[in-house]
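Residue strings, one per chain:
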Amino acid sequence: MARGERFGTRRSPRRTGGSGRRGWAGGAPSRYGDGLPYPAGAYRDRLSAGRVLAAGVRGYGRWVARAPETRGLASGLAALYPAGEVMHALGPEPLLVGALAPPLALSTWVGTYKAHRSVKYSATLTATVAAVPGWLAFAAHWGAFNLPTLVGYTSTAALAWSAFTWSDVLRERRAWQARQLRWDALATAVGLEDSKLISADDTRLGQCFRIDIRATGKRASQLARPGSGLAEDLAAHLALPTERVRISADAKHAGIIVIAVQLIDPWQGEVTHPALSGTASADAARRSIMDGPLVLGLDPDSGDDLALSVFDKAGGHHTFLVAPTGSGKTTLYNNLIEQASDRCDVLVMGIDVAKGTLGAIWGQVLDAHAGIGEYDKALQILAWAGVVITERSRASGGRNHKPSPSAPVLLILIDELDEVTGYNSPIGTQAKALVEKIYRRGRSAGVVLATASQRGVIQYTGTKDPHANADNKIVLRVNRASEMNNVIPGWELAGMPNMETYARGVHGVALVVDGNSLWRAGRVRDLSDLDAVEALAGRRGAPVACLESAIAAMLPGYGERHHRSVPASAVPSGGKGIGGGCATRSDGTDWGINPADSTAIDRLAQDMVAEIEARLTDMPAPPAQPTSLNELIAAKHAVEHADANDPAVNRAIPVPEHIARPILRLLAQRGPAGARRDELVAAVGRSRSVVAGWLAILRDHGSITALGAGRAARYYLREYAPGDDASEGYEP
Ligand SMILES: Nc1ncnc2c1ncn2[C@@H]1O[C@H](COP(=O)(O)OP(=O)(O)OP(=O)(O)O)[C@@H](O)[C@H]1O
């Protein structure tokens, strides 16, 4: 090897008259620009000691630049040793030199703690910086070049260097650099050179990366487009199926893409229904429809509910469901009825003239239903709905209906809509007019439709109203992607999944789109076991809500419908509960139920017991010993100042179950990945400052540990706290 080459010196192309290309292989072939090549191994310049030294210094500089903090500190500490001897030779007043230590220490602590909020890191740096004048003062007096001082100095320097190198801040930084390097390698492989990793967060099923793509010359929309191939390339490099890598444009920054990688198969578990799996919440009290949307299933990506709002502050929202045979329509309707019938101010009616499943399974839960071939009944239900709309609109002047148990939202489910309004339906013409009325006028009157058909074309719906007036669109597994256009035009551009190919082989998938075109895809809760569902319906019993008595009285045949029929003689004196509506008191106000309807009363009584129990579950038992006001104030003060407390004080503070449980549960789920403070704040559902205080107390209890500070801080269960190498990251 040539000498110049060995020492890393490089000939200047300018001086050699070369081509100007950098690097060894493409070096200048000619001497003095005369076109004659150098003989192998011959150089024009002689190698001097100065050049070797300069090359050495440059090489060392480059070496330090690769890890400036650790190598820079090591170099500084090494240089300080002889500097001590120089001080000794110069002979300044040691006390004066040492006096620099306190101000230096103070400014270092303030600067580093403000930046990183890490006590360990700041303390190490402060001690190291303060030790410099201390060392120089010591050396000025005693000299540096003697054996005991050498041993003392090297061991102290090694200690300071190690503490700094393994501080939480540097470990976080190293882990981040490692992630960045891994991303760089992946980015190069998929043609995204010059992109930059901005953040990497753990998700329920994997990780989510935000990538700055401004330097790549590509647009976020271009990369996020389904046909861009980026997701497929990334999936190939990560050895995952393509659908487990999702690319989207950042909603707030056009130069950033978001890459969600699912390392865990989202479909590996069943989506069981809490009412069947025994995991239903202890809060058994029936809620109002205004308390939140109905829950149909789970979005496996985010773990969020697959929700459907049928009524909220904006009034009713009709639902248009397209579901080919075998796609899970019955299961979805089971979920819809289960959820709606659990609200105290919703009445559900079902029309299923083709298969009769709704009435056969949920008969006693439904306020009325039409089964196989019961076309007259179907028309009657639709006509009742029309009267309810007219009467409520008359009473309210078109204002949005306010649901209550005695004036409930009326939710009418129609399965196989083509059997009712389709071209071949025996009641098509009459039913079409009634269905159109509900679709067009039912929103503000609290009369809501959920219709299902196998296809989204007019031959099946009989009318364009489901397309035009249903806010909610639901598409289950379809046989052809083009079928989705009949329901949700522009679904592809909006980034919605193709329900022909979405989660192949998985039953019960659904895409739910609301009136604002916000969508969520996932899996419907498994209520496909009809025997279990029938038993559930039996437990649920008759609805508590009942129509306004005045309106019920106007509905022909309403009082004679199955279990809700109430003989007029059974209505209490003074009451006007006619035809199965809510009875009214003599002053004209509603009782809320029909007092003659024994099932409703039984149900109400059960609900009341359940509600009382649910409300009492969180009540603390009265303490055996009384607590003085002073003790309470002192305890409040201690909790509020947990951050500043002595650890012994924090250890004496018991952490309440409702605080400790969500924190420890989340950290246990996360394992070695830990969790950020804002995630824990969200899990506990209290303010940031309150949770920060409890985290400090849990730390002093020894239940959890924290690494890093500020936004970089991560919390772990003690057994999962990372050891020396916290750099777990992007492990495909
Ligand atoms: N959410 C789900 N979870 C698990 N399995 C499901 C789910 N939904 C549907 N299935 C499976 O798919 C089968 C068909 O479902 P379902 O009976 O609900 O479909 P359908 O659309 O009503 O069919 P059809 O139109 O023929 O009556 C069920 O027996 C069940 O095995």
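The protein is annotated in an unreviewed UniProt entry as FtsK domain-containing protein of Planobispora siamensis.

**Student:** Hey, could you run me through the sheet that holds strand β10 (residues 346-351) in this one?
**Tutor:** Within a beta sheet, neighbouring strands are joined by backbone hydrogen bonds and run either parallel or antiparallel to one another. Pairing in this open sheet of 10 strands is mixed, and the strands run β6-β5-β16-β15-β14-β9-β13-β12-β10-β11 from one edge to the other. If you trace the sheet from one side to the other, it starts and ends with β6 (305-308) and β11 (368-370), each paired once. Within this sheet the neighbouring strands show an average axis-to-axis angle of 25°, counted without direction. Bridge count between strand β5 (residues 294-298) and β6: 4 bridges; the pairing is antiparallel. Within the sheet, the bridge partner assigned to Gly297 lies in β6 and is Leu306. Here helix α15 (residues 375-396) sits on the sheet in contact with β10, β11, β12 (409-414) and β13 (447-453), set at roughly 140° to β11.

**Student:** Honestly, the side chain of Thr421 in this entry has me stumped. Any pointers?
**Tutor:** Relative to the helices and strands, Thr421 is located in helix α16 (residues 418-421). In terms of polar contacts, Thr421 uses its side chain to reach the backbone carbonyl oxygen of Thr461, at 2.7 Å.

**Student:** Explanation requested: the pattern of salt bridges in the structure shown.
**Tutor:** Any two side chains of opposite charge can pair, so long as their charged atoms come close to each other. Taken as a whole and judged by the stated rule, the model has 21 salt bridges. Measuring nitrogen to oxygen at the nearest pair gives 3.1 Å for the salt bridge that ties Lys636 to Glu640. In this pair, Lys636 and Glu640 are both assigned in helix α24 (residues 629-640), 4 residues apart and thus about one turn of the helix distant. Linked by salt bridges that have partners in common, Asp201, Arg676 and Asp678 make up one network.

**Student:** Would you take a moment to explain the sheet that holds strand β19 (residues 714-717) for this structure?
**Tutor:** What the 3 strands build is an open sheet, ordered β17-β19-β18; its pairing is antiparallel. The strands lining the two open edges of the sheet, one partner per strand, are β17 (675-676) and β18 (704-707). As paired elements, β18 and β19 share 4 bridges and run antiparallel to each other. Bridging across to β19, Ile704 finds its partner in Leu717.

**Student:** Where do I start with helix α6 (residues 101-116) in this structure?
**Tutor:** In a regular helix each residue adds 1.5 Å, so 16 residues correspond to 22 Å; α6 covers 22 Å between its end C-alpha atoms and thus fits that length. Turning to α6, its buried residues number three or more, namely Ala101, Ala105, Thr108 and Thr112. Within α6, the buried residues cover an arc of 70° as seen down the axis, which keeps them to one side. Exposed residues on α6 whose side chains face more than 90 degrees from its buried face are Pro102, Leu106 and Lys114. Structurally, α6 contributes buried residues whose contacts are with α5 (94-98) and α7 (119-142). Residue Arg117 follows α6 closely and has a positive phi angle near 55°.

**Student:** Can you walk me through helix α27 (residues 677-684) in this structure?
**Tutor:** Count 3.6 residues to each turn of an α-helix, and residues three or four apart come out pointing the same way. When α27 is considered as a whole, its buried residues turn out to be Glu679, Leu680, Val681 and Val684. For α27, the secondary structure elements touched by its buried residues are α26 (657-670), β17, α28 (688-701) and β19. Gly685 sits one or two positions beyond α27 and adopts a positive phi of about 75°.

**Student:** Please clarify how unusual backbone geometry should be interpreted in this entry.
**Tutor:** One can expect most non-glycine residues to show negative phi and most peptide bonds to be in trans. In the Ramachandran plot, Ala503 falls in the positive-phi region, its phi being about 45° despite a non-glycine side chain. Structurally, Ala503 is set in the loop between α20 (482-485) and β15 (509-513). Given the relative accessible area of 8%, Ala503 is considered buried. Backbone geometry at Ser517 places phi at a positive 65°, although glycine is not the residue there. By the secondary structure assignment, Ser517 is in the loop between β15 and β16 (519-524).

**Student:** Help me understand the site of the ligand in this model?
**Tutor:** Near the ligand lie 16 residues; those nearest to it are Thr325, Thr330, Thr331, Lys355 and Val524. Note that an oxygen atom of the ligand is positioned 2.9 Å from one of the backbone N or O atoms of Lys329. Protein chains shield 75% of the accessible area of the ligand, which is 620 Å² for the free molecule. At the level of elements, α13 (329-340) and β16 are the ones that each hand at least two residues to the shell around the ligand. The element that contributes the greatest number of residues to the shell around the ligand is α13, accounting for 3 residues. Considering only residue class, the shell around the ligand consists of 2 nonpolar, 9 polar and 5 charged.

**Student:** Would you explain the pairing of β15 in this entry?
**Tutor:** Where a strand is regular, its side chains alternate between the two sheet faces. A large share of β15 lies buried, amounting to 5 of its 5 residues. In β15, alternate side chains face the same way, and those of Val509, Leu511 and Val513 on one face and Ala510 and Val512 on the other are all buried. Inspection of the sheet shows strand β14 (residues 472-476) paired to β15 by 4 bridges, in the antiparallel sense. Along β15, the bridge assignment pairs Ile474 with Val512. Bridge count for β15 against β16 is 5 bridges, and the pairing is antiparallel. The residue of β16 that forms the bridge with Val513 is Trp519. The antiparallel hairpin formed by β15 and β16 contains 5 residues in its connecting segment, where Ser517 sits at a positive phi of about 65°.

Rules of the game
- Residues numbered from 1 in each chain as written.
- Predicted model: local features only at pLDDT ≥ 70, side-chain atom pairs only at ≥ 80, totals over all residues.
- Heavy atoms only, no water.
- Pairing = 2+ DSSP bridges.
- Helix = DSSP H or I, 4+ residues; strand = E, 2+ residues; numbered from the N terminus.
- Axes fitted to C-alpha atoms, helices over the stretch in contact; angles between N-to-C directions.
- Contact = heavy atoms within 4.5 Å.
- Polar contact = N/O pair within 3.5 Å; in protein donor to acceptor, adjacent residues only side chain to side chain.
- Salt bridge = Lys/Arg side-chain N within 4 Å of Asp/Glu carboxyl O.
- Expected span 1.5 Å × (residues − 1).
- Buried < 20%, exposed > 50% of the residue type's maximum accessible area, 1.4 Å probe, protein only.
- Arc of directions from axis to C-beta.
- Near = heavy atom within 4 Å.
- Areas by Shrake-Rupley, 256 points an atom, 1.4 Å probe, with all protein chains shown as cover.
- Nonpolar A, V, L, I, M, F, W, Y, C, P; charged D, E, K, R; others polar.

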